[in-house]
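So the chains spell out like this:
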Amino acid sequence: MPLIKVLPVQLRNKIAAGEVIERPASVVKELIENSIDAKSTEIGIEILNGGKGLIRVIDNGIGMDREDALLCVERHATSKVSTEKDLFNITTMGFRGEALSSIASVSRMRILTGIKGAESGTFVEVWGGDIREIKDYPVIGTIVEVRDLFYNTPARKKFMRSESTESIHIIEHVTFEALAYWEIGFRLTMDHREVMNLPPAGCPRERISQVYGAEFLEGLVEIISERDGLKMTSYVSRGENLRNRKSHQFIFINKRPVKDPSITHAIYQSYEGHQKDKHPIFFLYLSINPLEVDVNVHPTKREVRFSDKDRIYRFVRDNIRDFLIIRREEVRTIVGNAGAPVVPASTGDDPVIKEDKPFFVSEKGEFGFRPSIPFIYLGESFIAYSCREGLVLLDHHAAHERVLYEHFLRGENVDSFRLLFPRQVRLSAKEYRIILDNATILNEMGIEIDDFGYDTIIVRSLPVVLKKADIQALLSEIASAIIDGERPEKPLKESIAAKMACHKSVRGVEVLTNEEVQVLIHDLEKTTDPDHCPHGRPTRVFLSINDLRRMFGRPTR
Ligand code: ADP
Ligand code: MG
């Protein structure tokens, strides 16, 4: 008896759905991309219960006639490619003809669609892939409604996370598409509340500003270049505006949001020589001849393959690097005449000269609370002092992080101050939601916030040590830390405390005063792990007299 059988259509669709439709956000992505392909200029997205209740996407695009409205839910039904040749010259977001059939097979879906000038539009209802009802319906453009996602695939349904997590994924996908298609208006509501409202923008710059606020844009530079058919419009971190984690990193190839390790590497290479372990923000829009990009590599089309990867790598790296180098040299010339230690500016481009604290050897005995330890500064962040028959080398940034981290974690001794003028901080819709959802925990840690609406948070109080921190960057990093913190191996408070601690010393070089060094050494001793910063890097290294004897080839004692 043969063991092999050809699978029935419904089962094949469910298998395809497993690849394309992972969670409510994947449905949102596919429906938006269909609306984009249908030449819509306004797209509305309505969500109930994190997409588990309802996903509705409304567009003003070209719509479908009745025949197409019935065909579109069939597998491999597409208006976007018809010959093999088309496959290598894709200019639309979709082309595989499997999104609607996949969604239809794992949900209860309605399509209401009509074309301009037609007598009537069409209403089609499909449950688990079966057409239940077809009737006339007056509409121009298309509305797709998806209810009860995964109702007939319980295994997949189990993998859906909380409504709040699914909502965040949806906001993230809408943001991707909105950044890619800045000329289209996007409006997103969740449980009847408006989460995003982005009118059509004139350029990516305007869209980035709509999504993240004008202040965020100030930390970026615009680099536009064109060569041999390659065009790049990019908004990347100024050299001093690097972040502690990879957030706000976007690559769009011919307007398709993609992940591309090679291009990402090229961008990081441009920042070589800047602060280590830091991450640039980038929004990179690349236009390439579609014949040179293969988008048919991955079912969700988030990866692409280039016919000449190296050329693109060099184009991106050289253009961004040259731009940044020119700017660095400008800074160096100004500084060169001043002849004093340089502290990179915390904001803006002007270098700040710090005159009052050159490298120094401490003087003894100025403090009441404990005898002062003599120390010397090595470079910008190492402190050497002698202690118990040996030499200690301390990284003052790492040590400070450990001390602050424990302060924040315990929530005690966190001196907060009320801002005289509460700060309004504009965040992305996703960050805004995460921060508000966690207001209580932030409050416990000394950051008091309120909702201002429109993706804006009011910061009322802050821990004193964070007085000079870039609050927008801090809240944005805390939001990412909270997402990571959802993983059970890392308690939320710990991730947030670690972020807050390292934000104190994110930017620039800081030379501590004699007194500050004494307090730091003293406080570090009292922490639970004085030898490591919250990220696990060493805070101090001890060389005993015997270590030194060994280093100098003498017998140890
Ligand atoms: P693909 O986008 O890969 O072609 P889909 O399953 O997503 O496959 O959609 C199938 C077809 O349905 C599309 O090719 C398009 O012709 C039609 N379609 C889907 N959504 C819309 C829409 N919002 N407006 C007009 N036509 C649409
Ligand atoms: Mg599609």
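The preceding data block contains the structure.
Quick caveat, the model's predicted, so the values are computed rather than measured. (Residues numbered from 1 in each chain as written. Chains lettered and ligands numbered in written order. Predicted model: local features only at pLDDT ≥ 70, side-chain atom pairs only at ≥ 80, totals over all residues. Heavy atoms only, no water.)

Visitor: Explain the sheet that holds strand β13 (residues 282-287) to me, please; I cannot follow it from the model alone.
Guide: Consider a sheet: its strands pair through backbone hydrogen bonds, and that pairing is either parallel or antiparallel. Read from one edge of the open sheet, 5 strands run β9-β10-β13-β11-β12, paired in mixed fashion. Of all the strands in the sheet, the pair left with one neighbour each is β9 (220-227) and β12 (256-258). For this sheet, the mean inter-axis angle between neighbouring strands, taken without regard to orientation, is 20°. Relative to β13, strand β10 (residues 230-237) runs antiparallel, the two sharing 6 bridges. Following the sheet pairing, Thr233 is matched in β13 by Tyr285. This element, helix α9 (residues 261-270), spans β11 (249-253) and β13 of the sheet and lies at about 120° to β13. (Pairing = 2+ DSSP bridges. Helix = DSSP H or I, 4+ residues; strand = E, 2+ residues; numbered from the N terminus. Axes fitted to C-alpha atoms, helices over the stretch in contact; angles between N-to-C directions. Contact = heavy atoms within 4.5 Å.)

Visitor: So what exactly am I meant to see when it comes to the site of ligand 1 here?
Guide: By nearness alone, 18 residues border ligand 1, and Thr78, Ser79, Lys80, Phe95 and Gly97 come closest of all. Taking Thr142, its side chain carries an N or O atom lying 3.3 Å from a nitrogen atom of ligand 1. Calculation on ligand 1 without its partners gives an accessible area of 520 Å², and the protein chains cover 93% of this total. Tallied by class, residues from the shell around ligand 1 come to 7 nonpolar, 7 polar and 4 charged. (Near = heavy atom within 4 Å. Polar contact = N/O pair within 3.5 Å; in protein donor to acceptor, adjacent residues only side chain to side chain. Areas by Shrake-Rupley, 256 points an atom, 1.4 Å probe, with all protein chains shown as cover. Nonpolar A, V, L, I, M, F, W, Y, C, P; charged D, E, K, R; others polar.)

Visitor: What exactly am I supposed to notice about the packing of aromatic side chains here?
Guide: The description of two aromatic rings rests on the distance between their centres and on the angle between their planes. Counted under the stated rule, the structure contains 10 aromatic pairs. Geometrically, the ring pair formed by Phe176 and Phe250 is edge-to-face, given 5.7 Å between the ring centres and 80° between the ring planes. Highlighted residues: Phe176 in helix α6 (residues 163-180) and Phe250 in strand β11, separated in sequence by 74 residues. By relative accessible area, which is 8% here, Phe250 ends up buried. Geometrically, the ring pair formed by Trp182 and Tyr285 is edge-to-face, given 5.6 Å between the ring centres and 90° between the ring planes. Of this pair, Trp182 sits in the loop between α6 and β7 (185-190) while Tyr285 sits in strand β13, and the two are 103 residues apart along the sequence. Judged by relative accessible area, Tyr285 falls into the buried class, the value being 7%. Site record: aromatic cluster; members linked through ring pairs are Phe176, Trp182, Tyr212, Phe216, Phe250, Phe252, Phe283 and Tyr285. The ring of Phe123 carries the charged tip of Lys135 above its face, separated from the ring centre by 4.5 Å. (Phe/Tyr/Trp six-rings, centres within 6.5 Å; stacked < 30°, edge-to-face > 60°. Buried < 20%, exposed > 50% of the residue type's maximum accessible area, 1.4 Å probe, protein only. Lys NZ or Arg CZ within 6 Å of the ring centre and 35° of its normal.)

Visitor: How do you make sense of helix α1 (residues 9-20) when you look at a structure like this?
Guide: The end-to-end C-alpha separation of α1 is 16 Å, in line with the 16 Å expected for 12 residues at 1.5 Å each. Looking only at α1, the buried set comprises Asn13, Ala16, Ala17 and Val20. One side of α1 holds all its buried residues, which, seen down the axis, span an arc of 110°. Lining the buried residues of α1 we find α2 (24-37) and α4 (99-105). (Expected span 1.5 Å × (residues − 1). Arc of directions from axis to C-beta.)

Visitor: When you look at the sheet that holds strand β22 (residues 448-453) in this model, what are you seeing that I'm missing?
Guide: Read across the sheet, 3 strands follow the order β21-β23-β22 without closing on themselves; strand pairing throughout is antiparallel. The open sheet has two edge strands, β21 (416-426) and β22, and neither has a second partner. On average, adjacent strands in this sheet sit at an angle of 20° to one another, irrespective of strand direction. Of the pairings in the sheet, the one linking β22 to strand β23 (residues 456-463) comprises 5 bridges and is antiparallel in character. Paired with Asp450 across the bridge in β23 is Ile458. Seen against the sheet, helix α12 (residues 429-437) touches β22 and β23 and runs at an angle of roughly 135° to β22.

Visitor: Just checking my understanding: could you explain the side chain of Arg56 for this structure?
Guide: Within the element layout of this structure, Arg56 appears in strand β2 (residues 54-59). Within the structure, Arg56 has its side chain in polar contact with the side chain of Glu46 (distance 2.6 Å). A distance of 2.9 Å separates the side chain of Arg56 from the side chain of Glu145, its partner in a polar contact.

Visitor: How do you make sense of the packing of α6 against α12 when you look at a structure like this?
Guide: Between α6 and α12, the shortest axis-to-axis distance is 8 Å and the interhelical angle comes to 160°. As far as their axial angle goes, α12 and α6 are roughly antiparallel. For the pair α6 and α12, contact is made by Ser164, Ser167, Ile168, Ile171 and Glu172 and by Ala429, Lys430, Arg433, Ile434 and Asp437, respectively. Taken together, the residues that form the contact of α6 with α12 break down as 4 nonpolar, 2 polar and 4 charged. (Parallel < 35°, antiparallel > 145°, perpendicular 65-115°, else oblique.)

Visitor: Help me understand the pattern of salt bridges, please; the structure alone is not making it clear to me.
Guide: Any two side chains of opposite charge can pair, on the condition that their charged atoms come close. Applying the stated criterion across every chain yields a total of 30 salt bridges. Here Arg110 and Glu125 are joined by a salt bridge, their closest N and O atoms 2.5 Å apart. Of the two residues, Arg110 sits in strand β3 (residues 108-114) while Glu125 sits in strand β4 (residues 121-127), which places them 15 residues apart along the sequence. Judged by its relative accessible area of 9%, Glu125 is buried. In this structure, Arg302 and Glu177 form a salt bridge, with 3.2 Å as the shortest nitrogen-oxygen distance. Residue Arg302 is located in the loop between β14 (293-294) and β15 (305-306), and its partner Glu177 is located in helix α6; the two are separated by 125 residues in the primary sequence. Just as Arg302 is buried, Glu177 falls in that class too. (Salt bridge = Lys/Arg side-chain N within 4 Å of Asp/Glu carboxyl O.)

Purely spatial values, then, with no claim about function.
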